[in-house]
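As a plain string of letters, each chain reads:
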Amino acid sequence: MKKTMLKKYAKLIVDVGANVQKGQDVIIYAKFDQIEFVTFVVEYCYKRKANSVHIEWSDDRLTKLAYKYRSVTSLSAVPDWVIKRQEHLVVTNPAMIYLLSDDPDGLKGINQEKMAKVRMNTYPIYKPFKDQRENKYQWCIAGVPGAGWAKKVFPNLSKNKAIEELWKAILKTSHADGDDPILGWTNHNHNLKNKIEKLNSMEIEYLHYISDNGTNFKVWLNPEALWLAGSETTLNSNVEYSPNIPSEECFTTPIKGKAEGIVYSSKPLSYQGQLIKDFYVKFENGKVVEAKAKENEALLKQMVSMDEGASYLGEVALVPFDSPINNTGILFFNTLYDENASCHLALGAGFSNCIKNYEKYTKDDFKKMGVNDSMIHVDFMIGTKDLHIVGHCFDGKDIDIFKNGNWAI
């Protein structure tokens, strides 16, 4: 891939994604094999007058070694310097850039029960800091091809050719393959905002999903919540940023405890470095009461039992089947891309910033409103070419929201 194209993409991530501000610190999360692209991103951060740019490097091989040789107690220990770092992040609110290049099978063979225990042990330690920073800083997640990921998507190509093809797909679906990606993204954001204006004007009480694959499901939306899409704005500094590149979704927060029926996955779910395939979840009174999968069913069940909120929904997202990502014909094996290929739901934490005037409320207020809270937020794809979604409105009207997998409004 030409460096000029990669630099334009890096600039899009920094300028539109994270929208790095003058004097702000930046933290970039990346894999070891992404040094060249990380260098482009770092340079654009400094061109935006960032105060400092810190890189958090990682590698699945090192993670697997840690879980192989260290005990749960050792892995769960959070040293004082890490706590001090969290306290510093609360005060400084650096911009966060997450460059995803993970091999979908990168953690295959790892002790998933051990990993789950460690996460459950450490989550209560990190949660207070996460809550204090929520909605107060810019963050952006974007994809960068890694060799393992590229070969998973294009198994019949050589490593270099697979990486090249994945680069093409990433840039195309991110509206970053033209002469001016920033202008392309600005126009895309505008179109998404127009769609959520329509949705917010409908005052939908619940959505009813029906598909020939067996999906027959109702979910009640939070009456205090709005539909959101595209760019968001930080709470204190009022800085606009785009957290997901790409993004095709219009999403909102449902009411915890109000969902009924069964939903079937339409794409594999990449979770903790492994793939869960051909699965369904059944809801009663808003809670998952049954979860079955043809591959990695134990991991699916472990996921929905991580904590009390993991078996409830935190997000409803609408994405047309005729989307730029789905139209590539590529299964990305990466949730950032596959979730933006078609409609999806998310188990776990809901979005407090979907609530009208959310800045006025506390965590307890959100809980009372029915916004789910959990250590997980896992999107899984349910969109199909025949998906029919009907919105039942508070005034009693039924409106076709989706027909044959695509927008009907």
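To keep things clear, this report deals only with the structure shown in the data block. As the structure is a prediction and not an experimental result, all values here were calculated from the model. (Residues numbered from 1 in each chain as written. Predicted model: local features only at pLDDT ≥ 70, side-chain atom pairs only at ≥ 80, totals over all residues. Heavy atoms only, no water.)

1. With respect to the overall build of the chain
Phase 1: For the chain, the count of helices and strands is 12 helices and 21 strands.
Phase 2: For the chain, with 409 residues in total, the buried portion stands at 53%.
Phase 3: Considering only residue pairs separated by 6 or more positions, the chain has 76% of its internal contacts joining residues 24 or more positions apart.
Phase 4: If you sum the accessible surface of the chain, you get close to 18100 Å²; carbon and sulfur atoms cover 50% of it. (Helix = DSSP H or I, 4+ residues; strand = E, 2+ residues; numbered from the N terminus. Buried < 20%, exposed > 50% of the residue type's maximum accessible area, 1.4 Å probe, protein only. Contact = heavy atoms within 4.5 Å. Areas by Shrake-Rupley, 256 points an atom, 1.4 Å probe, with all protein chains shown as cover.)

2. Digging into the side chain of N372
Phase 1: The residue N372 is located in the loop between α12 (363-369) and β18 (377-381) in this model.
Phase 2: Residue N372 is classed as buried on the basis of its relative accessible area, which comes to 3%.
Phase 3: Of the polar contacts made by the side chain of N372, one reaches the backbone oxygen of Y312; its length is 3.3 Å. (Polar contact = N/O pair within 3.5 Å; in protein donor to acceptor, adjacent residues only side chain to side chain.)

3. A few points about the sheet that holds strand β10 (residues 244-245)
Paired through their backbone hydrogen bonds, the strands of a sheet run either parallel or antiparallel.
Phase 1: Taken in spatial order, the 5 strands of this open sheet run β2-β1-β3-β4-β10, and their pairing is parallel. Lying at the two open borders of the sheet, with one neighbouring strand each, are β2 (52-58) and β10.
Phase 2: In this sheet, β2 lies alongside strand β1 (residues 25-31) in parallel orientation, the contact comprising 7 bridges. Bridging from a neighbouring strand, D25 pairs with S52 of β2.
Phase 3: Those strands touched by helix α2 (residues 35-47) are β1, β2 and β3 (95-100), and its axis lies near 160° from that of β2. (Pairing = 2+ DSSP bridges. Axes fitted to C-alpha atoms, helices over the stretch in contact; angles between N-to-C directions.)

4. Considerations on the nonpolar core
Phase 1: Judged by nonpolar contacts, the single largest core of 50 residues is most densely connected at Y9, F37, I97 and L99.
Phase 2: Element by element, the count of residues in this core is highest for helix α1 (residues 3-18), at 9 residues.
Phase 3: Setting aside residues up to four positions removed in sequence, F37 forms contacts with L6, Y9, A10, I13, L99, V144 and W167.
Phase 4: In terms of nonpolar packing, the next biggest core, distinct from the first, is built from 48 residues, V219, A259, F283 and V288 among them. (Core = buried A, V, L, I, M, F, W, Y, C linked by side-chain atoms within 4.5 Å.)

5. Quick look at the packing of α1 against helix α9 (residues 181-202)
Phase 1: At their nearest, the axes of α1 and α9 sit 9 Å apart, and the two run at 50° to each other. With respect to α9, the axis of α1 lies oblique. In contact with K8, K11, L12, D15 and V16 of α1, α9 contributes P181, I182 and W185.
Phase 2: Counted by class, the contact of α1 with α9 contains 5 nonpolar, no polar and 3 charged residues. (Parallel < 35°, antiparallel > 145°, perpendicular 65-115°, else oblique. Nonpolar A, V, L, I, M, F, W, Y, C, P; charged D, E, K, R; others polar.)

6. Considerations on the environment of N353
Phase 1: Position of N353 relative to the elements: it lies in the loop between β17 (344-348) and α12.
Phase 2: For N353, a relative accessible area of 13% puts it in the buried group.
Phase 3: Taking the C-alpha atoms as reference, N353 lies 8.8 Å from L226; in sequence the two are 127 residues apart.
Phase 4: In this structure N353 touches N135, L228, E232 and Y358, once residues within four positions along its chain are discounted.
Phase 5: One polar contact links N353 to E232, side chain to side chain, over a distance of 3.0 Å.

7. Some remarks on the packing of aromatic side chains
Phase 1: Following the criterion strictly, the structure yields 16 aromatic pairs and no others.
Phase 2: Ring centres of F217 and F283 lie 5.4 Å apart, and the angle between their planes is 45°; this geometry places the pair in the tilted category. With F217 in strand β6 (residues 216-221) and F283 in strand β14 (residues 274-284), this pair connects stretches of sequence that are 66 residues apart. F283 matches F217 in its accessibility class, with the two residues each being buried.
Phase 3: Measuring from ring centre to ring centre gives 5.9 Å for F279 and F380, while their planes differ by 55°; the resulting arrangement is tilted. Linking F279 in strand β14 with F380 in strand β18, this pair joins segments that are 101 residues apart in sequence. You'll find F279 and F380 in the same group, each marked buried.
Phase 4: Three or more aromatic residues joined by ring pairs form one cluster here, namely Y9, F37, F40 and W167.
Phase 5: Geometry around Y137 places R133 over its ring, the cationic atom sitting 3.9 Å from the centre.
Phase 6: Lying over the aromatic face of F333, K152 brings its terminal NZ or CZ to 5.2 Å of the ring centre. (Phe/Tyr/Trp six-rings, centres within 6.5 Å; stacked < 30°, edge-to-face > 60°. Lys NZ or Arg CZ within 6 Å of the ring centre and 35° of its normal.)

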